[in-house]
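Observations on chain architecture
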Amino acid sequence: MPVTEMGLGTAQLGDLYVPLEPVEADAIVATAWDHGIRYFDTAPHYGLGLSEHRLGRALRGRPRDAYTVSTKVGRLVSGSGPAARRVWDFGGEGVVRSIVASLRRLDLGHVDIALVHDPDEHADEAIGHAVPALERLRAAGDVGAIGVGTSDVPTLLRFVRECDVDAVMVAGRLTLLDHSALDELVPECAERGVAILSAGVFNSGLLATDVPDARSHFEYAAPPAEVLGRARELAQIAASQGFTLPEAAVAFGRLPAPPVASVVLGADSAAQVARNVELLRAAGDAEALRSDVLLSSGGGPSAAPRRS
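Each value, and the rule that gives it
Residues numbered from 1 in each chain as written. Predicted model: local features only at pLDDT ≥ 70, side-chain atom pairs only at ≥ 80, totals over all residues. Heavy atoms only, no water. Helix = DSSP H or I, 4+ residues; strand = E, 2+ residues; numbered from the N terminus. Rg over C-alpha atoms; globule rule 2.2 N^0.38 Å. Contact = heavy atoms within 4.5 Å. Areas by Shrake-Rupley, 256 points an atom, 1.4 Å probe, with all protein chains shown as cover. Lys, Arg positive; Asp, Glu negative; His and termini not counted. Charge placed at Lys NZ, Arg CZ, Asp CG, Glu CD. Pairing = 2+ DSSP bridges. Axes fitted to C-alpha atoms, helices over the stretch in contact; angles between N-to-C directions. Phe/Tyr/Trp six-rings, centres within 6.5 Å; stacked < 30°, edge-to-face > 60°. Buried < 20%, exposed > 50% of the residue type's maximum accessible area, 1.4 Å probe, protein only. Lys NZ or Arg CZ within 6 Å of the ring centre and 35° of its normal. Salt bridge = Lys/Arg side-chain N within 4 Å of Asp/Glu carboxyl O. Core = buried A, V, L, I, M, F, W, Y, C linked by side-chain atoms within 4.5 Å. Disulfide = S-S within 2.5 Å. Left-handed = near helix turned anticlockwise from the far one by under 90°. Nonpolar A, V, L, I, M, F, W, Y, C, P; charged D, E, K, R; others polar. pLDDT = per-residue confidence, 0-100. Patch = residues over 30% accessible without salt bridge, like charges linked within 9 Å, V, L, I, M, F, W, Y side chains within 5 Å. Right-handed = clockwise from strand over helix to strand, strands pointing away.

Overview of the overall build of the protein chain
From N to C terminus, the protein chain includes ten helices and ten strands. Taking 2.2 N^0.38 as the reference for a compact globule, 308 residues should give roughly 19 Å; the C-alpha atoms of the protein chain span a radius of gyration of 19 Å, in line with that estimate. Summarising its shape, the C-alpha atoms of the protein chain cover approximately 55 × 45 × 35 Å along the three principal directions. Expressed as a percentage of contacts within the protein chain between residues at least 6 apart in sequence, the contacts between residues at least 24 apart total 71%. Carbon and sulfur atoms make up 51% of the accessible area of the protein chain, which amounts to about 12700 Å² in all. Here the protein chain contributes 28 positive and 40 negative side-chain charges, whose respective centroids are spaced 3 Å apart.

Printed below as a string of structure tokens:
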């Protein structure tokens, strides 16, 4: 499952927060490519297929063996145009229909990674039906690696322990504000050889600015006062060690490696892609990128890594 150290999350290509013009979407992917990013994550859920369509268009003409694409199943797009809607479907037939539709939108012959998308309330059905369907697609070569992506750590643990998955996408649970995946999930993945794709390291945006404010998103909503206060405290800790808060957030999200294979960051502009790459480089310049440096018993870091 070849992925680059940083992946491009493409929820924004589905007009997540603000509408994008097609040329802007193309520029985001082109800039990622120019900066060496070769792993791209999408899903039918993102803009009711719009993200997949835009990503496929932006990758068209590039060597297929030079990049990795992951998409997701479980949220099937039903209908088209103004009548399009999302339908939960973790059944075997629904998974196959979802992959076929994704391949059409992406204009690809196969998907490199297929992840079960947010099966938290449907774990039994997903384990009993969606995963076996993905295993058959993997055996047939229609998908490469299979796994699950969600923010719910107990659900991720069930899939790792009960299924033959290759990867898990951990959304927002390997962050400075919430590192609940470290206790059991990370060791379990390391023991079983399951790769971790670390997503949501900014917790939807709150950790993406040097000085967090109430206008930032936390878990896709306005941040509670206590969470905002903690983020500001983290920013001060990072600054005292010569780091910005976003640099510390990316440094933390790439730990531990292995089993973390890639940090997946979204972007709503080409400039933001370039900035994210610089954040990763800053994290790579730091010494002592270890969880015992970044963590404290209170659920956050006691110190951010110092610059070398």
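Don't stop here, the text continues.
Observations regarding the sheet that holds strand 1 (residues 6-9)
Pairing in this closed barrel of eight strands is parallel, and the strands run 1-2-3-6-7-8-9-10 around the ring. Pairs of neighbouring strands in the sheet enclose a mean axial angle of 25°, with direction left out of account. One ladder, built from four bridges, connects strand 3 (residues 68-73) with strand 6 (residues 111-117); its direction is parallel. Its bridge partner lying in strand 6, Ser70 is registered against Ile113.

Notes on the packing of aromatic side chains
As enumerated under the stated definition, the model contains three aromatic pairs in all. Ring geometry for Trp33 versus Phe40: centroids 6.5 Å apart, planes at 10°, classification stacked. Grouping residues by exposure puts Trp33 and Phe40 together as buried. When the ring of Trp33 is compared with that of Tyr67, the centres are 6.1 Å apart and the planes differ by 70°; the resulting orientation is edge-to-face. With a gap of 34 residues between them, Trp33 in helix 1 (residues 22-34) and Tyr67 in the loop between helix 2 (50-59) and strand 3 connect regions that are remote in the sequence. Exposure remark for Trp33: the relative accessible area of 11% places this residue in the buried category. Through a chain of ring-to-ring contacts, the aromatic side chains of Trp33, Phe40 and Tyr67 assemble into a single cluster. The ring of Trp33 is capped by Arg38, whose NZ or CZ atom sits 3.7 Å from the centre of that ring.

Some remarks on the pattern of salt bridges
What the rule picks out here adds up to 21 salt bridges. The shortest N-O distance in the salt bridge between Asp118 and Arg75 comes to 3.4 Å. In this pair, Asp118 sits in the loop between strand 6 and helix 4 (123-140) while Arg75 sits in strand 4 (residues 75-78), placing the two residues 43 residues apart along the sequence. Classification of Arg75 as buried rests on a relative accessible area of 15%.

Regarding the nonpolar core
By size, the foremost hydrophobic cluster in this structure holds 83 residues, and its most contacted members are Leu8, Phe40, Val116, Val168, Leu185, Phe202 and Leu207. When residues of this core are assigned to their parent elements, the largest contribution, seven residues, is made by helix 4. With residues near it in sequence (within four places) discarded, Phe40 still touches Leu8, Val29, Ala32, Trp33, Leu55, Leu59, Tyr67, Thr68, Val69 and Ser70. With eleven residues, the next largest nonpolar core counts Val3, Ile113, Ala145 and Ala199 among its residues.

As for the state of the cysteines
Inspection of the entire model under this criterion finds zero disulfides. With no disulfide of its own, Cys163 lies closest to Cys189 among cysteine sulfurs, the gap being 12 Å. Given the relative accessible area of 0%, Cys189 is considered buried.

A few points about the packing of helix 4 against helix 5 (residues 153-162)
Between helix 4 and helix 5, the shortest axis-to-axis distance is 11 Å and the interhelical angle comes to 35°. For the element pair helix 4 and helix 5, the recorded crossing hand is right-handed. Residues Ala123, Asp124, Ala126, Ile127 and Val131 of helix 4 touch helix 5, and the partners they reach there are Arg158, Phe159 and Glu162. Per-class residue counts for the contact of helix 4 with helix 5 are five nonpolar, no polar and three charged.

Let's talk about the confidence of the model for the protein chain
Here the protein chain shows a mean pLDDT of 91. Residues at 70 or above account for 92%. Within the model, pLDDT remains below 50 along residues 287-293, and this stretch shows 16 contacts once partners closer than five positions in the same chain are excluded. Considering only residues more than four positions removed or in separate chains, one finds that residues 296-308, a stretch of pLDDT under 50, has 53 contacts.

Here we look at a nonpolar patch on the surface
A surface patch of nonpolar side chains, amounting to about 380 Å² of accessible area, comprises Leu16, Tyr17, Val18 and Tyr220. As for its position among the elements, Tyr220 is in the loop between strand 9 (195-199) and helix 7 (225-240). Given a relative accessible area of 57%, Tyr220 falls into the exposed group.

Quick look at the pairing of strand 6
Most of strand 6 sits out of view: seven of its seven residues are buried. One ladder, built from six bridges, connects strand 6 with strand 7 (residues 143-150); its direction is parallel. Bridge pairing in strand 7 links Val111 to Val143. The handedness of the strand 6 to strand 7 crossover, carried by helix 4, is right-handed.

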